[in-house]
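A structural walkthrough
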Amino acid sequence: MTSWDVTLDRVLGAKTGKALDSALGLSTVGDLLRHYPRRYAERGELTAIAGLELGEHATVLAQVERVAKRSMKSRRGTIVEARITDGHRSLTITFFNQAWRERELLPGRRGMFAGKVTAYRNNLQLAHPEYQLFGEDADVGSAAEEFAAALLPVYPAAQGLPSWSLARCVRQVLDVWDGTDDPLPAELRERHGLSDLDTALRRIHQPQDHEDLATARQRLKWDEALSVQLALARLRGSAESHPAPSCPPRPDGVRTAFDERLPFELTAGQREIGERVAVDLTAEHPMNRLVQGEVGSGKTVVALRAMLQAVDAGRQTAMLAPTEVLAAQHARSLSELLGDLGRAGELGAAEQATSVTLLTGSLPTAQRRAAMLAAASGEAGIVVGTHALIQDRVSFADLGLVVVDEQHRFGVEQRDALRARGPAGTSPHVLVMTATPIPRTVAMTVYGDLEVSALRELPRGRSPISTSVVPVAEKPGWLDRAWARVREEVAAGHQAYVVCPRIGDDEDEKPAKGKKKSAEPEEPPSDDGQQRRPPLAVLEVAEQLTAGPLAGLRVAVLHGRLPADEKDAVMRGFAAGEVDVLVATTVVEVGVNVPNATAMVIMDADRFGVSQLHQLRGRIGRGSAAGLCLLVTDAMGGTTTRERLDAVASTTDGFELAQLDLELRREGDILGAAQSGRRSGLKMLSLLRDEDVIAEARDEAERVVGADPELRAHPGLARMVAEVVDEERAGFLEKS
Ligand code: ADP
Ligand code: MG
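Conventions and cut-offs
Residues numbered from 1 in each chain as written. Chains lettered and ligands numbered in written order. Predicted model: local features only at pLDDT ≥ 70, side-chain atom pairs only at ≥ 80, totals over all residues. Heavy atoms only, no water. Phe/Tyr/Trp six-rings, centres within 6.5 Å; stacked < 30°, edge-to-face > 60°. Helix = DSSP H or I, 4+ residues; strand = E, 2+ residues; numbered from the N terminus. Buried < 20%, exposed > 50% of the residue type's maximum accessible area, 1.4 Å probe, protein only. Polar contact = N/O pair within 3.5 Å; in protein donor to acceptor, adjacent residues only side chain to side chain. Pairing = 2+ DSSP bridges. Axes fitted to C-alpha atoms, helices over the stretch in contact; angles between N-to-C directions. pLDDT = per-residue confidence, 0-100. Contact = heavy atoms within 4.5 Å.

1. Here's the deal with the packing of aromatic side chains
Tallied over the entire structure, the rule returns four aromatic pairs. Seen from their ring centres, Phe113 and Tyr131 are 5.7 Å apart, and the 35° between their planes marks the pair as tilted. One end of the pair, Phe113, is in strand β5 (residues 110-120); the other, Tyr131, is in strand β6 (residues 123-133), and 18 residues separate them in sequence. Ring geometry for Tyr497 against Phe574: centres 5.0 Å apart, planes inclined by 55°, an arrangement best described as tilted. With a gap of 77 residues between them, Tyr497 in strand β16 (residues 495-499) and Phe574 in helix α21 (residues 564-575) connect regions that are remote in the sequence. Like Tyr497, the residue Phe574 is buried in the burial classification. What links up through ring pairs into an aromatic cluster is the set Phe95, Phe113 and Tyr131.

Right, dumping it as structure tokens:
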């Protein structure tokens, strides 16, 4: 009786069982059968040695080129050194005091070699090598048998457990395995044309041909996609089961008054999302909605209309921005949008008016205290601040809605902090706004417990932004031209941003102290792995510009380490047109709205990520004049780095860019921390390529959980979910 949960020591013996457990964390039959081959080698194929990565534990199919034995000088003993080749490049393997290896590793013989890839004096080596030779002769080893198959599975292996040992273990297990109850209902399998689990597992480990593999993979991808989507559907379900403060719209309220005064017409997207949000807010269970919309697509108005609906219901709302600068700016622009509808308590306020209160840590004490009081008493209708509003437990009399701006990483923890913060222990509604477009599959998986709406169109009359790469290494003259363009924009009455990756103050010179400063972008590695010069810094560039190419213009600097009031003053000055050129870090990345700014020069553009560049340039072209964005870089043509910049220059469609970005990067980078926790869970499924499977699985999950939230009637599915996504891991999915 060998079933899924039987421990491996009972099938394979204590020693092997222990080795599998300690090296690879595989303790049951099920664990081993879910340890899928990483790839398959075709009969007769050799592994490309050039493609190996240093430090990797590799399994290489190769041919012995030559072998030699010599004696060690320092100690008594012998060294056997062999070179193995793929026909192009070779690797050295070395054995100490195992003279007999010389007789086995005969030139011309082929086999699988496993070990860690290292380099020694420009020579690639396989350290601590293990091998299994193929061959007709005496060696009745399993590799020979395995190699009779057209497709040889190559397993993720560990030191002491080479791929061929794993293949042998799997074979032994499959020989005595009774099979398992298929967790996927037969009816679901039929609808999607999926094979049963037993067949899929046998085929993934021992495929006869590529067709076997394709059907097995399709089925196993479904297991993963459905598990994740079931977990997320349950998460959504449980979030929805909390009570929330219902905020029904009021026909004669401040929202209606606001709509009537809007100086422009809402776009179709704004109206449509607005309607969905209005329905969500009316419900007795919390809304959890993510609105992703192009930079400049008008998310603030969507958010404000939602907030006004909550105010109409007699409740308060909080708006969270990623930085204090942005919070201050939001407070200002909300007040502007509202006009006299936002001046409750002041002379000349409209009848239904509410008020906008800024509440941040850097406010003078008295002002801060007054703001806290206004929040606690319920007098403040709209409170704008940073995340500290939630973390510091500022108390609200009747918090109905929390809007989180430009922060798609508003995960489970943050939402947990909101739980029961509404009136009478309810959980306020949450609306998350982001301009970072997330590819659909990532949204469905990583942010899968949120409802996602997309705002794809820009308001009419928005000016186009043209983006060009300025390759200073190849065309040094272009940089002068870039500064000339900035002067032209300023001469025409416009303003410009110059963005640099680094601040360049004393703090920067100190060795990094653990945490990265938020002003610094994550730096993509250089293509050639060469040591690079430090990125250009705001303070230095500003100095050079004022002394040189931009002499005579009014230049100011802005970065995250300026005191809050100074930051605020600089931003105000820029918004008021008192500054021509703002030299800044990525603090201007999000939310900053100065329609008169028409040019942006991004220095060392290659140090920023694709979506970050897209965000940055969203700061221009917000007014009636066309925007110009220049990406300055040393990167040479033909490198991946340049490819990324060219992609940014080629399109202003953020969704298209997000997809391109996903393709140019490893998926792991995008999933961040989530990936590490999940590596063991998602082995087959690719967020990039398996959009169809993910979408279908999401629909199925929705149906199953809708009818059976606890999965009581589906013990197999419940088990599978636990296997792929255990409870603690359910949260990580969006902590990335
Ligand atoms: P984002 O989505 O990047 O946050 P904002 O909400 O800041 O964009 O909007 C950018 C600008 O567009 C603001 O000045 C806003 O008033 C304006 N705007 C918003 N909606 C419309 C619309 N429907 N028609 C014209 N202008 C609009
Ligand atoms: Mg915005």
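2. Some remarks on the side chain of Arg109
Turning to its location among the elements, Arg109 is positioned in the loop between α4 (101-104) and β5. Among the polar contacts made by the side chain of Arg109, one reaches the main-chain carbonyl oxygen of Phe134 at a distance of 3.1 Å.

3. So, the sheet that holds strand β15 (residues 465-471)
As summarised here, the arrangement of the six strands in space is β15-β20-β19-β16-β18-β17, forming an open sheet in which the pairing is parallel. Two strands bound the open sheet, and with one partner strand each, they are β15 and β17 (555-558). Strand-to-strand twist of the sheet, defined as the mean angle between neighbouring strand axes without regard to direction, takes the value 20°. Summarising the sheet, β15 and strand β20 (residues 627-633) pair through seven bridges and their orientation is parallel. In the sheet register, Val469 faces β20, and the bridge partner there is Leu631.

4. Some details on the confidence of the model for the protein
Here the protein averages 84 in pLDDT, and 86% of its residues register 70 or above. Here residues 137-144 is modelled with pLDDT under 50, and outside its nearest four sequence neighbours on either side it reaches 13 contacts, counting other chains as well. Taken as a whole, residues 666-680 scores under 50 in pLDDT and shows 22 contacts with residues more than four places along the chain or in a different chain.

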